[in-house]
Structure formats: C-alpha cells, structure tokens
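Commentary on secondary and tertiary structure
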Amino acid sequence: MLFRPDHRDFRLIGYYSGKVIFGVGLAMLIPLVMAVLLGERNESYAFALGVGLAVSAGRAAELFLYTRHPLSTSHGLAIVAASWLLAPVFAAVPLLLSGHYVSYLDAYFESMSGFATIGLTLVNDLDHLARSMNLWRHLMQFLGGQGIVVVVLTILASAGGRIGALYTGEGREEKILPNVVRTARFIWRVAVGYFLIGSLLLWLAVWSAGLPAFTALYHAMNLFMAAFDTGGFATQSASVGFYHSPLVEAVLLPIMVAGAASFALHYQLWQRRGGELYRNIETRTLALSITGLLIITVVGLARTATFVDLAPLFRHGFFQIVSAHTTTGLATVPGRLYVTDWGVLAPAMIVSAMALGGMAGSTAGGIKAIRVGLIVKGLRRDIRKVLLPEDAVVVETFHSTTKRILRNEQVRAAATILLLWLVLYLAGGLVGLFYGYDLQLSLFESTAAASSGGLSVGVVRPDLEWPLKVLYIAQMVIGRLEFVAVFALAGYLVAIVRGEV
Amino acid sequence: MSDVRTRPVARGRVLLASLLIVGGLAGIVTLAELLRHPLPDTAPGGPPADEPAGDPRAEVTCDEPVPREGQERSDEDAASASRQFVRSNELYDCPQQFDGRRVRYRGEVVGAILRRADGAWVQLNDDVYADALGPLPAHRDFRGGNAGVGVFVSHQVADAIEAIGGPGERGDILEISGVFHRVDPATAEVAIIRSSEASVSAAGEPLVDPALADRRAAAILFLLLAAGLTVAERIVARRR
C-alpha cells in the first residue's frame, strides 16, 4: 500500500537537500577566491551571489527543517534525487552571469552536465571564458564524480552514520569500509591522492607541450578533473586536440582508466592486492570490451582510409575508444569528423563504448562492466546447463573482491538495469529523430547524454531545441543516479496524489 | 517513508509548499537573468539576425573545386585562384575534398602558442566571436561555437603574434595560406593546416568588462543574508 507522506518525510527531504545545497555554496568559494586573485571582478560578484544564495538556502533548511528523525532507504533515495535536481539550480547562477550562456536553461544544462560528469557543453566562446568560471565547470565534475552526497558526508560529518541511506542512492552499492563515513573519506583520499599525482604529471606534459608554467598548471588541474572524474569538459574548445601532444594524451589515458575503476578496486590496490586487477570480473570485462571495440574501430577506420599509417590510427582510435568507454568524453578529434570522416563502423563502436561505460562504484556512467560481466556469466551457465546432463549441478562463480557464486537474482537484476539503459538510450534517440536529426546523430548524442559519455557530434549546441535540452538533462540525471533514486522521487510525487492516509 | 505513521500533510499544504519552492526557484532564475550583462541581443557588425548557426541537420555538399577551362587545376593554382577564405566548418564537413589542398584561412589566435623545434602550433578560431562581433560577454549574439583549426606556423610567424585570445584578451587575427591535412604526415595530428604564408591582419586587444554595480550590490546583499542565517542557525543549534 502506498502511504501519503507525512510532515517528517518532507522535513527530512528538505533538510538533507539543504545540506547538499549548502555544500555546493561552500564549493563555490574556491572559484570565488580565484576570481578575486585574478582580478575577474564581475565573475567574483557572480560567485559571491551564488555563494550567498546557496548558503542562505542551505542554512534556512537547517534552521527551519531541522529533524532528528532517522532516514529510511526511500528517504535516502528521494533526497539524493532532489539534491541532484536542486544543486545545479544554484551552481548555474554564476555560469549564466558569465555571459557565455544563451539562457538559464543552458546554464542549468551545463551544471547538470558537470555534476553528472557528462561532458556535453552549451558554453559559447569557451576560449574567452574567465578562468574562475572555467575552473567552476571542472570543479563541478570533481564534486559530482565523487558524489555530491559524499561531499556532504565528509564536510558535514555531524550527520554521521544516519545518512548511510543516502550513499546507495548515488549509484554506489558497495561499502568499501564498514562505516559509510569512513568509506566516503576513503573515496576522497583516493581522489585527492590521484589529483596530486595526476595533476603533477599532466602539468609536466602540458608544460612540455609549450604552455607557460602557470597556465600549464591551470590546464593540468582542469584536465585531471575532467579525466579522473570521467567528466569530459575541456579548458579549450578544441579539447585535448588543442595540445597537439601525444605525451598529454598518454598521461590522460591511465587517468581516465583510473577514473573508470571502482573505488572498491582502488581500495584493493591501496591494500597492495594487485592480483585483483586480473581476477576481478569488471577489469576483465572492461579489458575485453575495450580490446574488441578497438579492433573493430581500427578495421572501420582502415576501411574508410581515414588514416594511412597504423601509428596515428592506433593513437586516435585508442584514445577515442578509451575516452568513450570510460565515459570521459575528452577528444583528440573534432566531433564533426566522426560523421564526415570516420565512416560508420568506428562511430558505432564509440557509441557502443559509451553505452557500456566503466565499473560500478566508479565515477563513470553507462551500463557498467559488472552487469555485462554477470549477464555473460549467466548466459554461459545456461548454455552449460543445456549441454550437460539434466541432473548436473552447474555453478558459475565470479570474482569481485572475493570469489562469489553467481545467483539468479543477480543476473535478473543486471538484465533489468541493462534493459532500462537501452530504453533510456533509445528514447533519447527517438526524440532526436522526431526533431529531424538522422539516426546516427540522435543515437550518438542520446547515448552520450545518458551514459555520461560526453563525446558529441554537434547536436548539442546553444540553438538546440529546448525540449531536447530538457530531455538530455533528464537523461543525465537518470543515468547518473541509475534510475532507482529518480523512481523513488517520482514515487513520492505519486504518493502525494494517490497515497492512502 | 517513515515506519511510524503520523497524520499525512494535507494536499493543500503540499501544494502551497510546492508553489513556494517553485516560486523561490523562479526568483533565483529571475534574479540571475536580471543581473546579466546589460547588452543587446545582437551586436553591430554581426551576421543578420535570421542567419542560423551551424545546424547538423543541414545537407552538406562537398563539391570539388572547379577546374579552370576544363583543365585539371593544381593545388598551387587553387590557392592563387581562390581569394575566398575557407571556413573551419567547411573543412570539417568535407575533409576528404580538402585533404592535401592549399587553402586560405583566417582566424583569431586563441589559447597559447605551442612551440616545437621546427615551428609552432596555434589554434585559429574563425567563428563570429573571432570576426566582427568579438568575444563574449561583450554582446549576446551566440551564433559562434566552432573550435577553429590547429595551424602549424613558422617561428617567425609565431614571433609576430603579440596578442593571444583568452580570458580578458582578444587575440590577433591571423591570415594564413597553407595545406590542409586530414592527418598530418609529420605529426599525426588530425584536421590541421600546415601554413607556408601568414600575416597578422588585425591586432588583438584587451577586453574591457566594466564593473556591474547592480550585481555587486546583489552579491553583498545575499552574502549578508547568508551570514545572518548562519549566525541564527548556530544560535538555535546551541539551544537544541
């Protein structure tokens, strides 16, 4: 039976959503300081306004909606969905005030794309965008990649263990450590650790590519956030192609892969359990998938004679496939060329790579390697059952941190989510067709938005029809939260209207 | 939902609260819209207002350059015969047709000059922001958006560039003549031009962005509100 929510339900959702908005307000202090230091006057006012609005909303929620009532799972899911819809409202304010966005909807799109680490952008004249504003775009990816709720868990730890229910809503299933707050802090340690190492390596690479030292450091930090958080925003409109540097690309590749690896795997590696790398079902699935898609991409590009020599073919093909598969969205090639110069096979593989995505519990989006791996294992078990005598007991196992027995429920759950993903991709593609975009373009962009792949063939642009912008925003948030949290929020809305007393 | 049920909130109150939240969000949007740069929607010197931006649905035709009097025209001839500048969108729409051909191209130097042993890479952006309109946020005409083309120039040309487009700076406009490559045979870079002739046709300049007093006032007001609410919340929290 569906009950109508009572005042405690609303208080809980408002109270914790307020905490997240407060966290976003605090995060805006970083670009605010940068704007002040660089003398970007109007941008500093824009960020000050953003901070003022978000902190006011957050503190008002704390003041008027304070509650000690415990959270249930449905609360957690609804809070996560509400927070993800509300946080970009505040984050979009400075973006709109930059003067580089057509409308508030575009700025909201950009914020959602940033937090959900999608990488699709509606910014105009990126090359002249203020540095503080560009940093904010990348910082949103860093916050969103770790999970905004995780940010709240660590910064506002007074909420403590009671907010464990929020953790699962953000597309994270496994608790790496017994305590949720400790898990969240471990995720931050990993992110900051990689940030220091990755930014340093990228700084050296970008510096050697010819940028002045300070500018190179700025680019390196932004690039790191875009790559590790599988976000895909870039400091320059030409993306990674701007640097004309195989070294920069070579440094970015392992960072993107690290971003697509689950934090559980990072924990195993930090515990010096290197064997997990080749035993884990997800790493195996990802390795096989990348290899397979790369081979087909190479064949496709060879057929179109886009590349005459093998080295450039491999360089650009590999980078694009890894960027797509990790759902990062950084590119060494202008997006238009996927349509005009890459034939049909290679772009199809890019779409497939984006659709499959990275590992569960990582910053990457898409269907996720664990689900693909489990479905393949389930299929193998069924085939073995058919081939073996009827009374034979067939047991399939998989390795994910420990060796586990494959259960029917796991395969069924994976297949259900896989189906939902396919519906999400196709629905976006269908609406694109309705607006007159051909199948290749509309499916490419729909998959990029939903999976957080972020590569673009040019459909997402400032004069895109507004219903499509709204659709892509919806795809972004549904994909990032992996359906359940959004369904829970929708359930609350239905309960308000149709619930029993 | 809560396990121990209390009386649910009346639908009328939910509706009222929802309207308040929507009103608050609409207020934020309206405030942000009001505090944007006070500029016209179109800028003087820009393309006509009804001229659309690059639409991927538009049919692209990639015509071969027309030979002169039925003769095959060499790439060198094509350069001298064509006084038209090619646009980056044309190069990306028809890379096979332009591959290995000499083209003339013009755009704003943006980002940085990336020096190499035998020359330097520059990114030349040729959208409306690079041309008559100038960079954002000096106007509200948003029909630019391409990424330009990477061009390899000699050290002498790189030395002649004084202003690089970026935050607060409009870059020099560079006119070049060179060969377009889908894939550069020397560096494997994609869709670039190797320039043989280049000159700065217009000097860049710093961009002036006057301080917006209304935005400053609103920022101060809301920071004060945030500070007030924070203090109030702390006081109430201590009493709980």
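Residues numbered from 1 in each chain as written. Chains lettered and ligands numbered in written order. Predicted model: local features only at pLDDT ≥ 70, side-chain atom pairs only at ≥ 80, totals over all residues.

**Focus: the overall build of chain B**
Let me state the cut-off plainly: In this description a helix means any DSSP run of H or I spanning at least four residues, a strand means any run of E spanning at least two, and both kinds are numbered starting from the N terminus. We call a residue exposed when 12 or fewer other C-beta atoms sit within 10 Å of its C-beta, buried when the count reaches 20 or more, and partly exposed for counts in between; the C-beta positions come from the backbone. Whether two residues are in contact is decided by their C-beta atoms, placed from the backbone, lying within 7 Å.
Helices and strands together make up the secondary structure of chain B, namely six helices and seven strands. In chain B, the succession of α and β elements from N to C terminus is α-α-α-α-β-β-β-α-β-β-β-β-α. Within chain B, the fraction of its 240 residues that count as buried is 34%. For chain B, restricting intrachain contacts to residue pairs at least 6 apart in sequence, the fraction spanning at least 24 positions comes to 68%.

**Considering the overall build of chain A**
Where we set the bar: Each radius of gyration is computed over the set of C-alpha atoms, and the globule rule expresses the reference value as 2.2 Å times the number of residues to the power 0.38.
When its secondary structure is counted, chain A shows 22 helices and two strands. Over its C-alpha atoms chain A spans a radius of gyration of 22 Å, differing by no more than 12% from the 23 Å that the globule rule assigns to 501 residues. Of all 501 residues assigned to chain A, the portion counted as buried reaches 62%.

**Some details on the nonpolar core**
All names here are of chain A. Here is the rule: What we call a nonpolar core is a set of buried Ala, Val, Leu, Ile, Met, Phe, Trp, Tyr and Cys residues whose membership is set by joining through C-beta atoms within 7 Å.
Grouped together as the largest cluster of nonpolar side chains are 217 residues, with contacts concentrated most on Ala 54, Ala 81, Ala 87, Phe 90, Val 206 and Ile 350. The element that contributes the greatest number of residues to this core is helix α4 (residues 73–97), accounting for 17 residues. In contact with Val 206, not counting residues within four places along its chain, are Leu 211, Ala 216, His 219, Ala 220, Tyr 243 and Val 248.

**Overview of the pairing of strand β2 (residues 119–125) of chain B**
Residues and elements named next belong to chain B. How we decide: A pair of strands counts as paired when DSSP detects no fewer than two bridges linking them.
Taken across its seven residues, β2 has six buried, putting it largely inside the fold. Bridge count for strand β1 (residues 102–116) against β2 is six bridges, and the pairing is antiparallel. In the strand pairing of β2, Leu 114 is matched with Trp 121. Hairpin connection, β1 to β2: the antiparallel pair is bridged by two residues.

**Points about the interface of chain A and chain B**
How we decide: Throughout, the ten residues Ala, Val, Leu, Ile, Met, Phe, Trp, Tyr, Cys and Pro are labelled nonpolar, Asp, Glu, Lys and Arg are labelled charged, and all others, Gly among them, are labelled polar.
Each side of the interface is counted separately: chain A has 77 residues, and chain B has 72 residues. Taken together, the elements giving at least two residues each to the side of chain A that touches chain B come down to α1 (7–27), α3 (41–64), α4, α15 (310–325) and α16 (336–340) of chain A. In terms of residue count, the dominant contributor to the side of chain A that touches chain B is α3(A) (15 residues). Considered class by class, the residues forming the side of chain A that touches chain B number 38 nonpolar, 24 polar and 15 charged.

**Some words on the environment of Asp438(A)**
Along the chain, Asp438(A) turns up in the loop between α19 (408–434) and α20 (439–451). C-beta crowding within 10 Å serves as the criterion here: with 13 such atoms nearby, Asp438(A) is assigned to the partly exposed category.

**Here's the deal with the packing of α20(A) against helix α21 (residues 466–480) of chain A**
Residue and element names in this part refer to chain A. Using the following cut-off: Angles here are taken between N-to-C directions and fall from 0 to 180 degrees, while the axes themselves are lines fitted to C-alpha atoms, restricted in helices to the stretch in contact. Angular relationships are summarised with four words: roughly parallel below 35 degrees, roughly antiparallel beyond 145, roughly perpendicular across 65 to 115, and oblique for the angles in between.
Contact pair α20 / α21: the axes reach a minimum separation of 6 Å and the direction vectors enclose 45°. By the criterion of interaxial angle, the relationship of α20 to α21 is oblique. Together, Ser 446, Ala 449, Ala 450 and Ser 451 of α20 and Tyr 472, Gln 475, Met 476 and Gly 479 of α21 make up the contact between the two elements. Considered class by class, the residues forming the contact of α20 with α21 number four nonpolar, four polar and no charged.

**A short note on the environment of Val51(A)**
Residue and element names in this part refer to chain A. Inspection of the secondary structure puts Val 51 in helix α3. Judged by the 25 C-beta atoms lying within 10 Å of it, Val 51 is buried. Each C-alpha atom of the pair Val 51 and Leu 122 lies 23 Å from the other, and the pair is 71 residues apart in sequence.

**Digging into the confidence of the model for chain B**
Residue and element names in this part refer to chain B. The test is simple: Every residue gets a pLDDT, meaning the predictor's confidence in that residue, from 0 to 100.
In the predicted model, chain B carries a mean pLDDT of 84, and the fraction of residues at 70 or more is 82%. The spread of mean pLDDT over the elements of chain B runs between helix α2 (residues 75–81), the lowest at 49, and strand β3 (residues 149–153), the highest at 96. In the model, residues 66–71 has pLDDT below 50 throughout and makes four contacts with residues more than four positions away in sequence or in other chains. pLDDT under 50 marks residues 77–81. Its contacts with residues more than four places away, or in other chains, come to eight contacts. Model confidence for the complex: the whole-complex pTM is 0.92, and ipTM, which rates the interface, is 0.88.

**Section: helix α6 (residues 213–239) of chain B**
Cut-off, in case you're wondering: Multiply 1.5 Å by the residue count of a helix minus one, and that product is the helix's expected span.
Taking 1.5 Å per residue as the helical rise, α6(B) with its 27 residues ought to reach 39 Å, and the 40 Å between its terminal C-alpha atoms agrees with that figure. Buried residues of α6(B): Arg215(B), Ala218(B), Ala219(B), Phe222(B), Ala226(B) and Leu229(B), and no others. Looking at the packing, one finds that the buried side of α6(B) touches α3 and α4 of chain A together with α1 (11–34) of chain B.

**Comments concerning the sheet that holds β1(B)**
Pairing is mixed in the closed barrel, where five strands are placed in the order β1-β2-β3-β6-β5 (chain B). Within the sheet, the average angular offset between the axes of one strand and its neighbour, ignoring direction, is 50°.

**Let's talk about α20(A)**
Residue and element names in this part refer to chain A. With 13 residues, α20 extends 17 Å between its outermost C-alpha atoms, agreeing within 8% with the 18 Å of an ideal straight helix rising 1.5 Å per residue. In terms of burial, α20 is largely enclosed, as eleven of its 13 residues are buried. Looking only at α20, the buried set comprises Leu 441, Ser 442, Leu 443, Phe 444, Glu 445, Ser 446, Thr 447, Ala 448, Ala 449, Ala 450 and Ser 451. Elements that come into contact with the buried residues of α20 comprise α16, α17 (345–356), α19 and α21. Looking one or two places after α20, you find Ser 452, whose phi comes out positive at around 75°.

**Quick look at the packing of α4(A) against α1(B)**
Rules: By convention, the crossing between two helices is left-handed when the near helix turns anticlockwise from the far helix through less than a right angle, and right-handed when the turn is clockwise.
In the contact formed by α4(A) and α1(B), the axes pass within 10 Å of each other and the chain directions differ by 10°. Taken as axis vectors, α4(A) and α1(B) run roughly parallel relative to one another. The handedness of the crossing between α4(A) and α1(B) comes out as right-handed. On α1(B), the residues that touch Val89(A), Val93(A), Leu96(A) and Leu97(A) of α4(A) are Leu25(B), Ile28(B) and Ala32(B). By residue class, the composition of the contact of α4(A) with α1(B) is seven nonpolar, no polar and no charged.

**Focus: the pairing of strand β2 (residues 402–405) of chain A**
All names here are of chain A. Pairing between strand β1 (residues 397–400) and β2: four bridges, direction antiparallel. Bridge assignment links His 399 to a residue of β2, and that residue is Lys 403. Between β1 and the antiparallel strand that follows it, β2, lie one residue; Thr 401 among them carries a positive phi value of about 70°.

**Details of the environment of Ile176(A)**
All names here are of chain A. In this fold, Ile 176 is placed in the loop between α8 (164–169) and α9 (180–208). On the basis of neighbour counts, which here come to 23 C-beta atoms within 10 Å, the residue Ile 176 falls in the buried class. Every residue in contact with Ile 176, bar those within four places of it in the chain, is listed here: Thr 183, Phe 186, Phe 263, Ala 264 and Tyr 267.

**Here's the deal with unusual backbone geometry**
Residues and elements named next belong to chain A. Even without glycine at this site, Ser 239 takes up a positive phi of about 55°. Turning to its location among the elements, Ser 239 is positioned in the loop between α10 (213–228) and α11 (246–260). For Ser 239, a count of 26 C-beta atoms within 10 Å puts it in the buried group. Unusually for a residue other than glycine, Arg 272 sits at a positive phi of about 60°. Along the chain, Arg 272 falls in the loop between α12 (263–270) and α13 (276–279).

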